[in-house]
Amino acid sequence: MEKFGLLEYPYKESLSKKVFNEYFKKANIDAVYEDIVIVPDNFDGEINKYIESYDGLNVTVPFKEKVIKHVEPVEEAQEINAVNCIFNNKGYNTDWKGFYNSLKTSVLQEPILLVGAGGASKSIIYALYKMGIKKLFLVNRTVEKAEKLRKIFMSKIDIKIESFDHLRSIIHSSKTFINATSIGMFGESFNLEVKDFTNLSLIYDIVYNNTPLQKIAKENNIKCIDGRTFWYHQAVENLKIWDIYKPETFDEAFKSFSRGE
Ligand code: ATR
């Protein structure tokens, strides 16, 4: 039996575990996908054991950067400075490709506002750069983290940092609003009113569950891409890397899971 897993801390039953196991069953692939919890202080000592004994791995918060020195990162993962997928000792970043592919059929209108400067934001900025975007507005609660991202991507894309306090006025002048923070994960809202969003043509919310932000988008007929769609597209890239991708069966597993079967 093949073994796949997600390196994480702290434990949270992942969407990956649910959907991939459903997929293996439907596709008759003799494999299992597990959530693997590593205590951060033990990470450097334990990681090689997992790389050696698993056929493929995913990596999530807080290990996406820490894992780089234990694998051979491909060029994109190196440029983003984050690895979220491992196969044969190589480190890949499928987040950027997932974001990129999730937008292929949509029209991305500028100006673009990205909120958040954590791990997910790095992959998103790289994807926007790959789409040919030359400039974006970046807002983050902690300005230093936004500044760090601006420097990392300086040669690729022009990042204008704006203050979190001015979020309302920046949204008013934006066409695309990307939430790459965890705001909404536990039902929290942005401290804004519905009318603040109505100039937007696209809201991209990376949070998996239904958030107040996604509700606003739906109620006001603003196109919305959510975290599940983002997850789906990065998941496809993982399966391709692990060489176990059967498109129709995966779509079926994803959909049946979404319906709660
Ligand atoms: P990920 O890898 O998913 O991006 P992360 O690296 O922990 O996760 O980043 C979380 C992002 O959500 C950060 O931009 C964080 O802002 P700070 O850099 O200021 O910490 C943002 N975030 C989380 N909770 C927030 C909140 N209540 N208000 C504003 N920003 C928040």
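Residues numbered from 1 in each chain as written. Predicted model: local features only at pLDDT ≥ 70, side-chain atom pairs only at ≥ 80, totals over all residues. Heavy atoms only, no water.

Per an unreviewed UniProt entry, the protein goes by the name shikimate dehydrogenase (NADP(+)) and belongs to Petrotoga olearia DSM 13574. Quoted straight from UniProt, the Catalytic activity (unreviewed entry) entry for the protein says "shikimate + NADP(+) = 3-dehydroshikimate + NADPH + H(+)". Under the UniProt heading Pathway (unreviewed entry), the note attached to the protein is "Metabolic intermediate biosynthesis; chorismate biosynthesis; chorismate from D-erythrose 4-phosphate and phosphoenolpyruvate: step 4/7." (UniProt positions renumbered as here; feature names shortened; annotations may be inferred.)

*Asks:* Just to check I follow, could you spell out the site of the ligand for this structure?
*Replies:* The environment of the ligand is made up of 14 residues, and the closest members are Ala-117, Asn-140, Arg-141, Thr-142 and Lys-145. In the model, an oxygen atom of the ligand is placed 2.9 Å from a nitrogen or oxygen of the Ala-117 main chain. At a separation of 2.4 Å, an oxygen atom of the ligand approaches a polar side-chain atom of Thr-142. Taken by itself the ligand offers 640 Å² of open surface, and the protein chains cover 70% of this. Split by residue class, the shell around the ligand holds five nonpolar, seven polar and two charged. (Near = heavy atom within 4 Å. Polar contact = N/O pair within 3.5 Å; in protein donor to acceptor, adjacent residues only side chain to side chain. Areas by Shrake-Rupley, 256 points an atom, 1.4 Å probe, with all protein chains shown as cover. Nonpolar A, V, L, I, M, F, W, Y, C, P; charged D, E, K, R; others polar.)

*Asks:* Where do I start with the nonpolar core in this structure?
*Replies:* Among soluble globular proteins, nonpolar side chains are generally buried collectively. Among the nonpolar cores identified, the biggest contains 42 residues, and Leu-7, Phe-20, Phe-24, Trp-231 and Phe-250 are the most heavily contacted of them. When contributions to this core are tallied by element, the ones reaching two or more residues are strand 1 (2–8), helix 1 (15–26), strand 2 (31–37), helix 2 (43–53), strand 3 (56–59), strand 5 (85–87), helix 9 (227–241) and helix 10 (247–258). Within the second largest apolar cluster, 29 residues are counted, among which are Ile-112, Leu-114, Ile-133 and Ala-180. (Core = buried A, V, L, I, M, F, W, Y, C linked by side-chain atoms within 4.5 Å. Buried < 20%, exposed > 50% of the residue type's maximum accessible area, 1.4 Å probe, protein only. Helix = DSSP H or I, 4+ residues; strand = E, 2+ residues; numbered from the N terminus.)

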